[in-house]
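# Summary of the model geometry
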Amino acid sequence: MKRVFVLLLLVAAVAAAQEVDPPRDSMDFFIGAGAWLPGLLNNDNQLEVGSAFLVGAETPMSQGDQFRLSIGGGLCNSDREQYEKITSVMLNLSYRKYPFYRPYAGARGLEPFIGFTGGGIVVWDSVDDDYENVDSKSTGGAMIGAELGARVKMSEDMFFDITLTGEWVPIGSELAGEADSDLSGIRIQGSLIF
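Residues numbered from 1 in each chain as written. Predicted model: local features only at pLDDT ≥ 70, side-chain atom pairs only at ≥ 80, totals over all residues. Heavy atoms only, no water.

## Notes on the pattern of salt bridges
Going through the model one piece at a time under the given rule, you end up with 9 salt bridges. Residues glutamate 178 and arginine 80 are paired through a salt bridge, measuring 3.4 Å at the closest nitrogen-oxygen approach. Of the two residues, glutamate 178 sits in the loop between strand E7 (158-168) and strand E8 (185-193) while arginine 80 sits in the loop between strand E3 (65-77) and strand E4 (83-97), which places them 98 residues apart along the sequence. For the pair formed by glutamate 178 and arginine 80, the shared burial category is buried. With a shortest N-O distance of 3.1 Å, glutamate 147 and arginine 96 are connected by a salt bridge. (Salt bridge = Lys/Arg side-chain N within 4 Å of Asp/Glu carboxyl O. Helix = DSSP H or I, 4+ residues; strand = E, 2+ residues; numbered from the N terminus. Buried < 20%, exposed > 50% of the residue type's maximum accessible area, 1.4 Å probe, protein only.)

## What about a negative patch on the surface?
A cluster of acidic residues, Glu84, Asp129, Asp130 and Glu132, forms a negative patch at the surface. Tracing the backbone shows aspartate 129 in the loop between strand E5 (110-127) and strand E6 (138-155). A relative accessible area of 65% means that aspartate 129 is categorised as exposed. (Patch = residues over 30% accessible without salt bridge, like charges linked within 9 Å, V, L, I, M, F, W, Y side chains within 5 Å. Areas by Shrake-Rupley, 256 points an atom, 1.4 Å probe, with all protein chains shown as cover. Lys, Arg positive; Asp, Glu negative; His and termini not counted. Charge placed at Lys NZ, Arg CZ, Asp CG, Glu CD.)

## Some details on the packing of aromatic side chains
One pass over the full model with this rule turns up 2 aromatic pairs. Here the aromatic rings of phenylalanine 67 and tyrosine 95 are separated by 5.3 Å at their centres, their planes lie at 55 degrees, and the arrangement is tilted. Within this pair, whereas phenylalanine 67 is found in strand E3, its partner tyrosine 95 is found in strand E4, the two being separated by 28 residues in sequence. Taking the relative accessible area as the measure of exposure, phenylalanine 67 reaches 45% and is therefore partly exposed. Seen from their ring centres, tyrosine 98 and phenylalanine 113 are 5.5 Å apart, and the 55 degrees between their planes marks the pair as tilted. With a gap of 15 residues between them, tyrosine 98 in the loop between E4 and E5 and phenylalanine 113 in strand E5 connect regions that are remote in the sequence. (Phe/Tyr/Trp six-rings, centres within 6.5 Å; stacked < 30°, edge-to-face > 60°.)

## Here's the deal with the side chain of serine 88
Tracing the backbone shows serine 88 in strand E4. When its relative accessible area of 3% is taken as the criterion, serine 88 is described as buried. Each residue touching serine 88, except ones within four places of it in the same chain, is listed here: Trp36, Gly72, Gly73, Gly74, Ile121, Val122 and Val123. (Contact = heavy atoms within 4.5 Å.)

## Comments concerning the sheet that holds E5
Pairing in this closed barrel of 8 strands is antiparallel, and the strands run E1-E2-E3-E4-E5-E6-E7-E8 around the ring. Across this sheet, the average inter-strand angle for adjacent strands is 25 degrees, counted without regard to direction. Two strands pair when backbone bridges link them, and strand E1 (residues 28-37) and E8 are joined in this way by 8 bridges, in the antiparallel orientation. Bridging from a neighbouring strand, isoleucine 31 pairs with leucine 192 of E8. (Pairing = 2+ DSSP bridges. Axes fitted to C-alpha atoms, helices over the stretch in contact; angles between N-to-C directions.)

## Focus on the nonpolar core
In terms of nonpolar packing, the biggest core is built from 16 residues, with Trp36, Leu47, Ile86, Ile121, Val123, Val169 and Leu183 touching the most fellow members. Listing elements by their share of this core, those giving two or more residues are E4 and E5. (Core = buried A, V, L, I, M, F, W, Y, C linked by side-chain atoms within 4.5 Å.)

## Focus: the environment of phenylalanine 160
Secondary-structure assignment places phenylalanine 160 in strand E7. For phenylalanine 160, a relative accessible area of 33% translates into the label partly exposed. Among all residues touching phenylalanine 160, those that are not within four sequence positions of it are Ala150, Arg151, Val152, Met154, Gly190, Ser191, Leu192 and Ile193.

## Some remarks on the pairing of E8
Look at any regular strand and the pattern is simple: side chains alternate between the two faces of the sheet. Of the strand pairs in this sheet, E7 and E8 are connected by 9 bridges, and their pairing is antiparallel. By the bridge assignment, phenylalanine 159 is partnered in E8 with isoleucine 193.

## Topic: the pairing of E7
Here E7 shows a buried face lined by Phe159, Asp161, Thr163, Thr165 and Glu167 and an unburied face lined by Met158, Phe160, Ile162, Leu164, Gly166 and Trp168. The pairing of E6 with E7 spans 11 bridges and is antiparallel. When the sheet's bridge partners are listed, glutamate 147 is paired in E7 with threonine 165. Between the antiparallel neighbours E6 and E7 lie 2 residues.

## Quick notes on the environment of leucine 91
Along the chain, leucine 91 turns up in strand E4. What makes leucine 91 partly exposed here is its relative accessible area of 45%. Here the alpha-carbon distance between leucine 91 and glycine 118, two residues 27 residues apart in the chain, equals 8.3 Å. Each residue touching leucine 91, except ones within four places of it in the same chain, is listed here: Leu69, Ser70, Ile71, Gly118, Gly119 and Gly120.

Here it is, written out as structure tokens:
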């Protein structure tokens, strides 16, 4: 019995020494940027592909799912001659599930994920200086969406996410001369997690 106990201790010590990944049991922070394509469902959409950025924090991924809180913004030019651009500030809470996550899989190189996101957005437009009789407008409201992407390991404690998010944003209220009050679209972003 004594030998079995010593053998089990030896096996446990060897198994613990083989673990190369640090335990993923702490909060992580991230910073990211990408493309913002609002108003894709609108007829006669004159908004160009814009840029977006975000910063935030995420809960540990110890069980293959996590929550992420992010704040960011977007900037999108308009092709309408009276307007220059629209600008937004977004606050989002996301839930992500990593369906192929295994806690003891060792060095994981690629982790696909799916998720859902919800939050709020504030948007305003900028009028071209040549049009003094056109008023700038602003609006805000809720937004919800679905995420699809993958996480790639870069080092022992750093990862990179690429995310495609489809968002339903039922506001707009003729921002930048858009006739439809809907800024629904997609965001494509990369994030560095550290």
